[in-house]
Amino acid sequence: LEPLYDRLHEILPKHAQDVKEFRAAHGGDTLGILTVDMAYGGMRGIKGMVTETSVLDADEGIRYQGHTLMELQETLPRGPGGQEPLAEGALWLLLTGELPTQEQTTLLSKELARRAELPHHVVQMINNFPAELHPMAQLSAATTALHSESKFAKAYASGVPKSKYWELTLEDSIDLIAKLPVIASMIYRNVFHDGRTVGTIDPDKDMGANFASMLGFSDEGFIDLLRLYLVIHADHEGGNVSAHTTHLVGSALSDPYLAYGAALNGLAGPLHGLANQEVLSWLTKFKTRLGEGDDWHANLTKQRISDEVWNTLNSGQVIPGYGHAVLRKTDPRYTCQRDFALKHLPDSDDFKLVSMLYEVVPDILLEHGKSKNPWPNVDAHSGILLQHYGLTEMNFYTVLFGVSRAIGVLPSLVWSRSMGLPLERPKSMSTPGLKAFVAAA
Ligand code: FCX
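Here the structure is a predicted model, which is why all the values come from computation and not from measurement. (Residues numbered from 1 in each chain as written. Predicted model: local features only at pLDDT ≥ 70, side-chain atom pairs only at ≥ 80, totals over all residues.)

Visitor: An account of the confidence of the model for the protein is requested, with residue identities and associated values reported.
Guide: The pLDDT averaged across the protein works out to 97; a share of 100% of its residues lies at or above 70. The complex prediction reports pTM at 0.97, with the ipTM value standing at 0.99. (pLDDT = per-residue confidence, 0-100.)

Written out as structure tokens, the structure reads:
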């Protein structure tokens, strides 16, 4: 990994110095007003943390180190024979802020393949999980157990200087990103295929191709979908639950395995990453109500969709895959997947259903009048693409999100350690305290 280290040794210290000077000049400037509602409202709108890897614009969506996802689909290196960008390229970009060459991307592919092996106790642990344990709980437990491998934790215990933290965080992060597809595949094969393993890691292949093979898929379309999936789910700036958790737990100098294990528990929530499973589950129930077996699409009308959406809302549930805490337009991650579907599965009935929902749901959410954003997010689309290629087990979908999210939030952790960011510790208030505060103001 020498070329990556060389670049980071040039980039990160310079950035840390720049931050130091910026803080010296502007450390006392204000970033906005804090209101009582913000304190009760999940801290929406508070500019209260720094994340260098990506920034989310409410209208435009996410940019990785300044680049939109559409741009990255054009500019990042692609896999052999594929049309979608490689996750390793996104990883290089998120770590360095620079678009990688093919050579740099291949270097990371080889490095990830080299570091993929799991320690025996983690293999044993995964094989001992009961099949009923949700795949996300398995993923987070196995990730946490990889703490045994942490170079950061060992070096910290032996008194490594603070200036070296980011290098050790990087080491653990690359190791973890390399091992996550293996853990995920083992969980998939254990829970859904009697533990029979199929593919192994080929050091000459990219992360997406190896991951597909370990899951048991060889279709080129699926491999390309997985590459796209790994890129678009990686990062969504710092305040979302999984990124923020990684940042928060990492700020206690818990190593990357512990920090990311915690993040995965947040990703497993239905308002966050589990929404991709919830969407498929909602669609499946709706299809069953429409008709027996494959006949459902004959009865699919906008009116039936509208009735189903209103029923969900009137029973006090959310429409999974719609709405967002920050976005106010259609999520570009949704659009990337829609474009993929238009290219690869334009005649799929499931795709037609998802497209019709796109035409119907936003108006209903507007009429319903609660959601600040009526548009679809990333989770509204991913499930039907996976279904198309035969990955039908929806309980597994958030695990794929979990493999991808590491590619964004762990580089962010490397940047945080290189800047020497401190323990995160915002001030909380009680309601009597807030009342007294506003009375005195
Ligand atoms: N269906 C019904 N009601 C919705 C809604 C939806 N899709 N989205 C928001 N609302 C409701 C909220 O529940 C809230 O109601 P309340 O006042 O009774 O509590 C009200 O509208 C205002 O919420 P809003 O400010 O627009 O949204 P939040 O920032 O509170 O929440 C999420 C954002 C994403 C949690 C919300 O839109 C939601 O529950 N969506 C469905 C779940 C989902 O798709 N999550 C995945 C998001 C994401 F892309 C990811 O992290 O993976």
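From this point, the discussion proceeds with the structure in view.
Visitor: For the UniProt feature "active site" (unreviewed entry) in the protein, give the residues involved together with the corresponding values.
Guide: Per the UniProt annotation, the sites labelled "active site" (unreviewed entry) are His272, His324 and Asp379. Taking the farthest pair of C-alpha atoms as the criterion, the annotated set spanning 108 residues converges on one region, since that pair is 10.7 Å apart. In this structure, His272 sits in the loop between α13 (256-267) and α14 (275-290). Owing to 20 C-beta atoms within 10 Å, His272 belongs among the buried residues under this scheme. (UniProt positions renumbered as here; feature names shortened; annotations may be inferred. Helix = DSSP H or I, 4+ residues; strand = E, 2+ residues; numbered from the N terminus. Buried ≥ 20, exposed ≤ 12 C-beta atoms within 10 Å, placed from the backbone.)

Visitor: Explain the sheet that holds strand β2 (residues 61-64) to me, using residue names and the numbers behind them.
Guide: Spatial strand order, β1-β2-β3: 3 strands in an open sheet with antiparallel pairing. The sheet is open, and its two borders are formed by β1 (54-57) and β3 (67-68), each paired with just one other strand. (Pairing = 2+ DSSP bridges.)

Visitor: I'd like to hear about the pairing of β2, residue by residue, with values.
Guide: Of the strand pairs in this sheet, β1 and β2 are connected by 4 bridges, and their pairing is antiparallel. Bridged to Asp57 within β2 is Gly61. Counting the residues between successive antiparallel strands, the hairpin from β1 to β2 contains 3 residues. In the sheet, β2 pairs with β3 via 2 bridges, with the strands oriented antiparallel.

Visitor: An account of the packing of helix α15 (residues 302-314) against helix α17 (residues 349-368) is needed here, citing residue identities and associated values.
Guide: Axes are the key here: two packed helices are described by the angle between their axes and the distance separating the axes. Here α15 crosses α17 at 45 degrees, and the two axes come no closer than 10 Å. Taken together, the axes of α15 and α17 lie oblique to each other. Every pair of crossing elements has a handedness; the one defined by α15 and α17 is right-handed. On the side of α15, the interface is formed by Lys302, Ile305, Ser306, Val309, Trp310 and Leu313, while α17 contributes Met356, Leu357, Val360, Val361, Ile364 and His368. A per-class count over the contact of α15 with α17 returns 9 nonpolar, 2 polar and 1 charged. (Axes fitted to C-alpha atoms, helices over the stretch in contact; angles between N-to-C directions. Parallel < 35°, antiparallel > 145°, perpendicular 65-115°, else oblique. Left-handed = near helix turned anticlockwise from the far one by under 90°. Contact = placed C-beta atoms within 7 Å. Nonpolar A, V, L, I, M, F, W, Y, C, P; charged D, E, K, R; others polar.)

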